[in-house]
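Notes for the structure review
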Number of protein chains: 2
Amino acid sequence: MGNMRRLVAYYPKVKRKKTRVVYVGQVAIGGENPIRVQSMTSTPTWQIKETLSQIERLYQAGCELVRVAIPDEKSVLALKEIVKESPIPVIADLHFAGTLGFKALEQGVQGLRINPGTFKDRSKLDDLIRACKERRVCVRIGINAGSLEPEILERFKYPSPSAMVESAVRWVEYIVEKHDYYNLKVSLKSSNWWHTVKAYQLFARRSDFPLHVGVTEAGGLIPGTVKNTLALGYLFLKGIGDTIRVSLTADPVEEVYVAYEILRNLGLRTLYPEVIACPTCGRCEIDLMPLYQKVVEWARNIKANLKLAVMGCVVNGPGEARLADLGIAGGKGVGIIFREGKIIKKVKEEDLLKAFFEEVERFLQDHPERFIT
Amino acid sequence: MGNMRRLVAYYPKVKRKKTRVVYVGQVAIGGENPIRVQSMTSTPTWQIKETLSQIERLYQAGCELVRVAIPDEKSVLALKEIVKESPIPVIADLHFAGTLGFKALEQGVQGLRINPGTFKDRSKLDDLIRACKERRVCVRIGINAGSLEPEILERFKYPSPSAMVESAVRWVEYIVEKHDYYNLKVSLKSSNWWHTVKAYQLFARRSDFPLHVGVTEAGGLIPGTVKNTLALGYLFLKGIGDTIRVSLTADPVEEVYVAYEILRNLGLRTLYPEVIACPTCGRCEIDLMPLYQKVVEWARNIKANLKLAVMGCVVNGPGEARLADLGIAGGKGVGIIFREGKIIKKVKEEDLLKAFFEEVERFLQDHPERFIT
C-alpha cells in the first residue's frame, strides 16, 4: 500500500505568494525559502545561562530564529554573550522607544522587532532605522491590534484588520521612502484569529514584504494550538506567510512543535516522522499513551519523512493503520510490528519498542530517499 | 472598547449546509441544531463504575453524546446500567459483525455505530438494521479509510476520498431503499486530514444525511489538535458537519475541550469564556502559567460568553488586552484588574484571583445577556 500513496494528493495544493527575500543573520526569509520557524524565550533575558539553555532546546526542536525581550538595560547587556553563543540568529524585541534599541544593535543582534506605533518621537525612529541599516539588521514591523498608534485608532474607531493594515503600510512606506531600507518583514497580530487572517490577507494584496505570521495572546496549549492552527492553516492555504511564530502560554519548545505540525500537515515542511495513534477505547489492550509518547520522542530525532503508527489493538491495528510506513500494535503481553500493512514481527511486549526502532532503521536503509537533508 | 466589537465581524461567516434531522435519544442532530459534541470512553466498558465516572466528566465538560466500545460480551452486558445512569445518550461502537450489536440494542443503547464494510454476511446487516428501526436507534455508518470493503478497495486501488464516498453512498442507499430507514448519520474518516476533508466535501454534495465529522488516529494532544483543527476548521467554514468527535490519544475530556475551542473560534458555539493570555517572555513579572491555568479552570464553569485576559505585565497588559471584557495583569507583588481596557482595581498579588472572579461576576450582573442559556 505504501507506494500507492502517490495516486492521491496527500496534501492540499499551496501556491505561495511571492515575497521579497530578507535576511536575519544567515537565515533567508521570503521568496522560495522554506517557511522559517521561530519562537521567543520566556526566561529573564539577563539570566544568560538559562536563556541560552532555552535557546538550545528551541534549536534542537527545529527553531531557526529566536526572539528575546529587552525590558531593561541588564537584559540588553546580556545580549552580546547570548548572540555569540546562540546557534541561531537572535532578534531583540523592542517594546517601547528609547535607547535600548541602539544598545541592542551594539550587542550584535541580527534582528530587531519594533512597534512603530509606540514611538512618540519620529526622529528616534529615524535614528534607529539608520542604525539598523548600517548594520544590515533585519527590522520587523510588528503591528499589534492592542497597540495601534492613536491617529489610526481615532480614524478607524476600532483596531480592525483595516486599521492594522493601514498602520503597517504606512510604516513600511515610511521606512522604504525615507530610509531606502528594505530588510524588513511585517506582522499584523490580533488575539482574534479571524481578524489576524483578514489583516494578513489585506496586507498581502498591498505589499510584497515577507510576512511573519501568528496570532497574539492565543492562550494555553489547547486553545492556543486551536487558534494558531485555524489562522496559520487558513493563511498558508492562501499562500501567505514566510515565517511562523506560534504563540502559546506554555514552554516555548511546544510552539516549535506546533509550528512543525501545522507545516507538515500542509505539506510545507517535514522535519521528523508523523506518528499516528488510535485514540484508545475500551478495546485497547495495552497502555497506549506512554508507548505513543516514547515513539513520538524518539521519532523527533529521526530526520526523515515517515508515517509511523501506534495502535492499541492487534486485530484492527495493522489494517486501520495500513497507510503508515511502519507501526506497532500491542495487547496482552505480545506486540506486533507491521510494515506497509503487513505484520512482519511478533515480539514480547517489553521488547516491542527496541524491535520497532530497529525496523524503522531498516526501513530507512531501504528508503534513503526518505531522509530529510 | 467593549461594545465597539460589533463594528467588525468577530468570526467568519459560516453558512451551514442543510441536512436532515436525526435523533440519538433526545439529542437532535443536523438541520439547524447546534453542532453536537461527542467523545468516546477509553475505560474498559465492563468496568461500569469507571466508565460512568468518565462519562460524567465528559458530560461536565460539555459532551452531549458518548460512544463506548463493545469488544466482548461482558462489555455489552455492562451497557444496561451505563445507559440507565448516563446523563447523555450512549452509542455502542460495533467493530465487527456478529451478535454483539443485537445484544447492545437489547441493553437500550440510543445509537449504534457500524462499519458496513466489515459485514461479510449481508443478511446479518439486514437483521441488525431492522432491529435498529424497531427501536428507533440511530445508526452511524462509519466509513474508515483503513477498513473499506474489499470490492471498493479493488475498484479504487487505494482508500482514496472517492473510494470512501462510494462506500458511504452505497450503504446509505442500501439502508434507505431496502429498509426505508432514515435515522442515519455518516462519517468518512482517514488519518490524513486532507483526505478526510475531501471525502466529506464529496459526500456532502451527494447526500443530505447529517455528518459526524472527525479525523481518525490523529495522534496525541498537540499533533492531534492540529490535525483535527485543520480538518474541522476547513469543513465548518464550508458549512459541513453536524456532530463532532475530536479524536486524540489523550484523556477523552480533552477531546471535548478541543471541540469547543474549534467551535468557539468559528462562532458556532460558545459554552464558557475565552481566556486569552500573553505567551510570557523575558518581560513577564509574574508566574503566569499557573495563574492562567486557574482562570481557565474557573472559567469553564461559567456559562457565559466572555473574553478574559491574563497578562504578565502591568504596563502593557491592559492596553494589549483591551479587546477583552476583563483581565488581570500582575507584577512584583501587585496585581491589577482591568475592565474593557481600563484599570479598575489594584490589589495584592495574593488577592488577585479572588478579586478578579468577583469583578467577572459583577460584569455579568451588568451584562446578563452574556449568559448562555
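Right above here is the structure, for reference.
Here is a short report on the structure shown in this document. Here the structure is a predicted model, which means the values were calculated and not measured.

**What to know about the overall build of chain A**
For chain A, the count of helices and strands is 12 helices and 15 strands. Here the C-alpha atoms of chain A give a radius of gyration of 23 Å, agreeing with the 21 Å that 2.2 N^0.38 yields for 373 residues. With respect to the principal axes defined by its C-alpha atoms, chain A has extents near 70 × 40 × 35 Å. Taking all contacts inside chain A whose residues are at least 6 apart in sequence as the whole, residues at least 24 apart take part in 63%. Entry remark: accessible area of chain A is about 14000 Å², with carbon and sulfur atoms responsible for 50%.

**Some points on the pattern of salt bridges**
Throughout the structure, instances matching the rule amount to 46 salt bridges over all chains. Across the pair A:Arg339 and A:Asp366 runs a salt bridge, and its minimum N-O distance is 2.9 Å. Of this pair, A:Arg339 sits in strand β14 (residues 334-339) while A:Asp366 sits in helix α12 (residues 352-366), placing them 27 residues apart in sequence. Residue A:Arg339 is classed as buried on the basis of its relative accessible area of 17%. A relative accessible area of 45% places A:Asp366 in the partly exposed class. Put simply, B:Glu166 and B:Arg206 hold a salt bridge, and the shortest N to O gap is 3.4 Å.

**Some remarks on the relation of the copies chain B and chain A**
Placing chain B over chain A gives an RMSD of 0.0 Å and needs a rotation angle of 180 degrees, together with 0.0 Å of translation along the axis. Put plainly, the chains are arranged around a two-fold axis. Comparing interface residues between copies, 100% of those in chain B also sit at the interface in chain A, which points to an isologous, same-surface contact.

**Some words on the sheet that holds strand β9 (residues 212-213) of chain A**
Residue and element names in this part refer to chain A. Taken together, 8 strands build an open sheet; the order of strands is β8-β7-β6-β5-β4-β3-β10-β9 and the sheet is parallel. At either margin of the open sheet sits one strand with a lone partner, and together these are β8 (184-189) and β9. On the sheet, helix α7 (residues 193-206) packs against β8 and β9 and is oriented at approximately 145 degrees with respect to β8.

**Structural notes on the interface of chain B and chain A**
With 84 residues of chain B at the contact, the number on the chain A side is 84 residues. Here chain B and chain A share an interface that buries about 6800 Å² over both sides, 63% of which is from carbon and sulfur atoms. Linking chain B to chain A there are 2 salt bridges. Linking chain B to chain A there are 14 residue pairs in polar contact (both at pLDDT 80 or more). At the level of elements, α7 (193-206), α8 (221-237), α9 (252-265), β11 (274-277), α10 (288-299), β12 (307-311) and α11 (317-320) of chain B are the ones that each hand at least two residues to the side of chain B that touches chain A. Per-element tally for the side of chain B that touches chain A: the top contributor is α8(B), with 11 residues. Broken down by class, the residue content of the side of chain B that touches chain A amounts to 45 nonpolar, 24 polar and 15 charged.

**Concerning the packing of aromatic side chains**
Taken as a whole and assessed by the stated rule, the structure comprises 19 aromatic pairs over all chains. Pairing A:Tyr10 with A:Tyr11 gives two aromatic rings, centres 5.2 Å apart and planes at 85 degrees, and the pair type is edge-to-face. Given a relative accessible area of 10%, A:Tyr10 falls into the buried group. Judged by centre distance (5.4 Å) and plane angle (85 degrees), the ring pair of B:Trp194 and B:Tyr234 falls under edge-to-face. In this pair, B:Trp194 sits in helix α7 while B:Tyr234 sits in helix α8, placing the two residues 40 residues apart along the sequence. One aromatic cluster in this structure is built from A:Trp193, A:Trp194 and A:Tyr234. One cation-aromatic arrangement involves B:Arg122 over B:Tyr174; the distance from NZ or CZ to the ring centre is 4.6 Å.

**Focus on the sheet that holds strand β6 (residues 111-114) of chain B**
Residue and element names in this part refer to chain B. The strand order across the open sheet built from 8 strands is β8-β7-β6-β5-β4-β3-β10-β9, with neighbouring strands paired in parallel fashion. The sheet is open, and its two borders are formed by β8 (184-189) and β9 (212-213), each paired with just one other strand. Across the sheet, helix α4 (residues 122-134) is in contact with β6 and β7 (138-144); its angle to β6 comes to roughly 160 degrees. On the sheet, helix α6 (residues 161-179) packs against β7 and β8 and is oriented at approximately 165 degrees with respect to β8.

**Describing the packing of helix α10 (residues 288-299) of chain A against α12(A)**
Residue and element names in this part refer to chain A. Put simply, α10 and α12 touch, their axes get as near as 12 Å, and they point 35 degrees apart. The way α10 lies across α12 gives a crossing that is right-handed. Contacts between α10 and α12 pair Leu-291, Lys-294, Val-295 and Trp-298 from the former with Leu-352, Leu-353, Phe-356, Phe-357, Val-360 and Glu-361 from the latter. Across the contact of α10 with α12, the residue classes tally to 8 nonpolar, no polar and 2 charged.

**Some points on α9(B)**
The end-to-end C-alpha separation of α9(B) is 21 Å, in line with the 20 Å expected for 14 residues at 1.5 Å each. A positive phi of about 70 degrees marks B:Gly267, the residue just after α9(B).

**Things to note about the environment of B:Phe119**
Residue and element names in this part refer to chain B. Here Phe-119 shows up in the loop between β6 and α4. Exposure remark for Phe-119: the relative accessible area of 10% places this residue in the buried category. Linking Phe-119 and Gly-98, residues 21 residues apart in sequence, is a C-alpha distance of 8.5 Å.

**A look at the packing of helix α8 (residues 221-237) of chain A against α9(B)**
Where α8(A) meets α9(B), the closest approach of the two axes is 9 Å, and the angle between their N-to-C directions is 40 degrees. When the axis of α8(A) is compared with that of α9(B), the two are oblique. Seen along the crossing, α8(A) lies across α9(B) with a hand that is right-handed. Note on element contacts: α9(B) touches α8(A) through B:Glu254, B:Val258, B:Glu261, B:Ile262 and B:Asn265, opposite A:Ile222, A:Pro223, A:Val226, A:Lys227 and A:Leu230. Here the contact of α8(A) with α9(B) is built from residues that sort into 6 nonpolar, 1 polar and 3 charged.

What counts, and where the lines are drawn
- Residues numbered from 1 in each chain as written.
- Chains lettered and ligands numbered in written order.
- Predicted model: local features only at pLDDT ≥ 70, side-chain atom pairs only at ≥ 80, totals over all residues.
- Heavy atoms only, no water.
- Helix = DSSP H or I, 4+ residues; strand = E, 2+ residues; numbered from the N terminus.
- Rg over C-alpha atoms; globule rule 2.2 N^0.38 Å.
- Contact = heavy atoms within 4.5 Å.
- Areas by Shrake-Rupley, 256 points an atom, 1.4 Å probe, with all protein chains shown as cover.
- Salt bridge = Lys/Arg side-chain N within 4 Å of Asp/Glu carboxyl O.
- Buried < 20%, exposed > 50% of the residue type's maximum accessible area, 1.4 Å probe, protein only.
- Least-squares fit on C-alpha atoms with pLDDT ≥ 70 in both.
- Pairing = 2+ DSSP bridges.
- Axes fitted to C-alpha atoms, helices over the stretch in contact; angles between N-to-C directions.
- Buried area = accessible area lost by both parts, 1.4 Å probe.
- Polar contact = N/O pair within 3.5 Å; in protein donor to acceptor, adjacent residues only side chain to side chain.
- Nonpolar A, V, L, I, M, F, W, Y, C, P; charged D, E, K, R; others polar.
- Phe/Tyr/Trp six-rings, centres within 6.5 Å; stacked < 30°, edge-to-face > 60°.
- Lys NZ or Arg CZ within 6 Å of the ring centre and 35° of its normal.
- Left-handed = near helix turned anticlockwise from the far one by under 90°.
- Expected span 1.5 Å × (residues − 1).
- Parallel < 35°, antiparallel > 145°, perpendicular 65-115°, else oblique.

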